[in-house]
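Notes for the structure review
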Amino acid sequence: MKHIAVLGGGLSGRFTAWGLAQQGFEVSLFDKGTRTGEQAAAYVAAAMLAPLAESVEATPLVVELGRQSMDLWRDITGRLKTPVFHQENGSLIVWHGQDKPLSRDFQQRLSRANQGQNPTVRWYAADIAAHEPQLAGRFSDGLYLPGEGQLDNRQVLVSLADTLEGIGVHCH
Ligand SMILES: Cc1cc2nc3c(=O)[nH]c(=O)nc-3n(C[C@H](O)[C@H](O)[C@H](O)COP(=O)(O)OP(=O)(O)OC[C@H]3O[C@@H](n4cnc5c(N)ncnc54)[C@H](O)[C@@H]3O)c2cc1C
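Residues numbered from 1 in each chain as written. Predicted model: local features only at pLDDT ≥ 70, side-chain atom pairs only at ≥ 80, totals over all residues. Heavy atoms only, no water.

What follows covers the sheet that holds strand 8 (residues 149-151). Pairing within the open sheet is antiparallel, and its three strands lie in the order 3-8-4. Each end of this open sheet is capped by a strand with a single partner; those strands are strand 3 (48-49) and strand 4 (86-87). Two elements, strand 3 and strand 8, share two bridges in a ladder whose sense is antiparallel. Note on strand 8: the bridge partner recorded for Leu 49 is Gly 149. (Pairing = 2+ DSSP bridges. Helix = DSSP H or I, 4+ residues; strand = E, 2+ residues; numbered from the N terminus.)

With parallel pairing, three strands are arranged side by side in an open sheet as 1-2-9. This sheet does not close on itself; its edge strands, each paired only once, are strand 1 (3-7) and strand 9 (170-171). Strand contacts of helix 1 (residues 11-22): strand 1 and strand 2 (26-30), with the helix running at about 170° to strand 2, the strand carrying the most contacts. (Contact = heavy atoms within 4.5 Å. Axes fitted to C-alpha atoms, helices over the stretch in contact; angles between N-to-C directions.)

This brings us to the site of the ligand. Taken together, 16 residues form the shell around the ligand, and within it Ser 12, Asp 31, Lys 32, Ala 41 and Met 48 come nearest. Between an oxygen atom of the ligand and a side-chain N or O atom of Ser 12, the distance comes to 2.7 Å. The separation between a nitrogen atom of the ligand and a polar main-chain atom of Ala 46 is 3.4 Å. For the ligand, the protein covers 53% of the area, taking 1000 Å² as the surface of the free molecule. (Near = heavy atom within 4 Å. Polar contact = N/O pair within 3.5 Å; in protein donor to acceptor, adjacent residues only side chain to side chain. Areas by Shrake-Rupley, 256 points an atom, 1.4 Å probe, with all protein chains shown as cover.)

Turning our attention to the nonpolar core. What tends to happen in soluble globular proteins is that the nonpolar side chains get buried as a cluster. Ranked by internal contacts, the top residues of the largest apolar core, which has 19 residues, are Ala 17, Val 27 and Val 169. At four residues, the largest contribution of residues to this core is made by helix 1. Excluding anything up to four places from it in sequence, Ala 17 contacts Val 6, Val 27, Leu 29, Leu 164 and Val 169. Within the second largest apolar cluster, nine residues are counted, among which are Ala 50, Leu 52, Ala 53 and Trp 95. (Core = buried A, V, L, I, M, F, W, Y, C linked by side-chain atoms within 4.5 Å. Buried < 20%, exposed > 50% of the residue type's maximum accessible area, 1.4 Å probe, protein only.)

A pair can form between side chains of opposite charge whenever their charged atoms are brought close. Scanning the entire structure with this criterion turns up eight salt bridges. Of the charged contacts, one joins Asp 71 and Arg 74 as a salt bridge, the two residues approaching to 3.0 Å between their closest N and O atoms. With Asp 71 and Arg 74 both in helix 3 (residues 60-79) and three residues apart, the pair spans about one turn of that helix. For Asp 71, a relative accessible area of 47% corresponds to the partly exposed category. Assessed through its relative accessible area of 41%, Arg 74 is described here as partly exposed. As a salt-bridge pair, Arg 79 and Asp 75 come within 3.2 Å of each other at their nearest N and O atoms. Placement of both Arg 79 and Asp 75 in helix 3 is noted, with a separation of four residues, approximately one turn of the helix. In this structure Arg 79 comes out as partly exposed when scored by relative accessible area, which is 41%. (Salt bridge = Lys/Arg side-chain N within 4 Å of Asp/Glu carboxyl O.)

Pasting the structure below:
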């Protein structure tokens, strides 16, 4: 059996090691940091699964890959050894009064990126208070983007470590 070394154990390295181990390779994963992944970008990332919001500045290919990733993440989080927080309740974009012009620019770019379709739902203060009580009274309106999601990346990193160790990947 071939023995493969994966260098770097952020999300990419951990997923690569998992995929190779599932194909039957003996795998060693090396990272200069820790099992919990403090050195990995994922440790500080917001972990938003937000292809729609990012479509205002990302290329169509990146947006399409982001959309496909929604299904992949659902599958992945279901197969990890330990549970991780994963929601697909949508994203909410809010702005303070002085940033209102930026919000109009954002909506125009979003509409352009989505062939003139408006994929958002306008929420007013009462909607925001009902759905996100912690934001109540702070914003007069916002844009709700259905279907987007979020992970707890720190849990993902640890759960990947659990999963890799559970299938015999040598983690260094
Ligand atoms: C602030 C922030 C917010 C983000 N928000 C989002 C978001 O909302 N949604 C989203 O999808 N993405 C987000 N991202 C991007 C996402 O987190 C990264 O694209 C992803 O985590 C990159 O993973 P990676 O494994 O490719 O790289 P890294 O996480 O950088 O992993 C590289 C690993 O290699 C190790 N390493 C480096 N050099 C060596 C060496 N010489 N020897 C051994 N090990 C080494 C490091 O310790 C590290 O663990 C965000 C990123 C940041 C920084």
